[in-house]
Amino acid sequence: MTDDTSPKRNIPEPLPISVDPAIDERARAFLGAVTSGDIDRLSLNDQLAALLSDTGFAAAAEHAAALGTPEGIFAFEQRITAEGVATYYRVRYPSQIWTWVFSVDRAGRINGFSLRRSPRYKIFDVRLRDVAY
């Protein structure tokens, strides 16, 4: 926990990376869909589509829309796991900078998305993990 008297850390802005153009286009389009509240449930994997309510999508849209129209967006990190590929984007809004995380499973269906300022300060974070014990 920090207070206003603690020194501020200047964390450098990440550098853009190249990602698959199809994933990049889908990530940007899905952020727009989340912001407008017009989510195509068929683009989600079956488990995620079954778990998410229309109320949850409406709340996410309300919070994301309040940020305004993005002035810039670029990919800066990509993680490949057993669950699929997660691509991290820096999104510059008129008064704030956020991170958009867009994840797809091996079949290309969306299995997670998150809009956050930091890993601990999130507007929403929706992920599905297929864990077998």
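Residues numbered from 1 in each chain as written. Predicted model: local features only at pLDDT ≥ 70, side-chain atom pairs only at ≥ 80, totals over all residues. Heavy atoms only, no water.

A. Highlighting the overall build of the protein. Counting secondary structure elements, the protein contains three helices and five strands. Its helices and strands in sequence order give the protein the pattern α-α-α-β-β-β-β-β, from N to C terminus. Among the 133 residues that make up the protein, the fraction classed as buried is 38%. If you take every contact in the protein between residues at least 6 apart in sequence, the share linking residues at least 24 apart comes to 46%. In the form shown here, the protein has an accessible surface area of approximately 8700 Å², with 53% of it arising from carbon and sulfur atoms. (Helix = DSSP H or I, 4+ residues; strand = E, 2+ residues; numbered from the N terminus. Buried < 20%, exposed > 50% of the residue type's maximum accessible area, 1.4 Å probe, protein only. Contact = heavy atoms within 4.5 Å. Areas by Shrake-Rupley, 256 points an atom, 1.4 Å probe, with all protein chains shown as cover.)

B. Here's a closer look at the pairing of strand β1 (residues 72-81). Relative to strand β2 (residues 84-92), β1 runs antiparallel, the two being bridged by nine bridges. Along β2, the bridge assignment pairs Ala75 with Tyr89. Between β1 and the antiparallel strand that follows it, β2, lie two residues. (Pairing = 2+ DSSP bridges.)

C. View of helix α3 (residues 54-66). Between the first and last C-alpha of α3 there are 18 Å, a value that for 13 residues agrees with the 18 Å anticipated at 1.5 Å per step. For α3, the set of buried residues is Phe57, Ala60, Ala61 and Ala64. Angularly, the buried residues of α3 cover 100° about the axis, an arc narrow enough to put them on a single face. Across from the buried face of α3, at angles greater than 90 degrees, the exposed residues are Thr55, Glu62 and Ala66. Once α3 ends, the next one or two residues include Gly68, with phi positive near 95°. (Expected span 1.5 Å × (residues − 1). Arc of directions from axis to C-beta.)

D. Quick peek at the environment of Tyr88. Topologically, Tyr88 is positioned in strand β2. Tyr88 sits 13 residues away from Val101 along the chain, and the two C-alpha atoms are 4.6 Å apart. Ignoring sequence-local partners within four residues, the contact set of Tyr88 consists of Phe74, Ala75, Phe76, Glu77, Arg79, Thr99, Trp100, Val101 and Arg116. A distance of 3.0 Å separates a polar atom in the side chain of Tyr88 from a polar atom in the side chain of Arg79. (Polar contact = N/O pair within 3.5 Å; in protein donor to acceptor, adjacent residues only side chain to side chain.)

E. Spatial organisation of the pairing of strand β3 (residues 97-104). With respect to burial, β3 is a largely interior element, seven of its eight residues being buried. Both β2 and β3 contribute to a ladder of eight bridges, which runs antiparallel. From the neighbouring strand, Val85 faces β3, where its bridge partner is Val104. Joining the antiparallel neighbours β2 and β3 is a turn of four residues.

F. Examining the pattern of salt bridges more closely. Within this structure, the stated rule accounts for six salt bridges. Measuring nitrogen to oxygen at the nearest pair gives 3.8 Å for the salt bridge that ties Arg92 to Glu13. Of this pair, Arg92 sits in strand β2 while Glu13 is found in the segment before α1 (21-36), placing the two residues 79 residues apart along the sequence. A residue is classified by how much of its surface remains accessible, and Arg92, at 36% relative accessible area, is partly exposed. The salt bridge partner of Arg28 is Asp24, with a shortest N-O separation of 3.0 Å. On the criterion of helical spacing, the pair formed by Arg28 and Asp24 is a turn pair, its members being four residues apart in helix α1. (Salt bridge = Lys/Arg side-chain N within 4 Å of Asp/Glu carboxyl O.)

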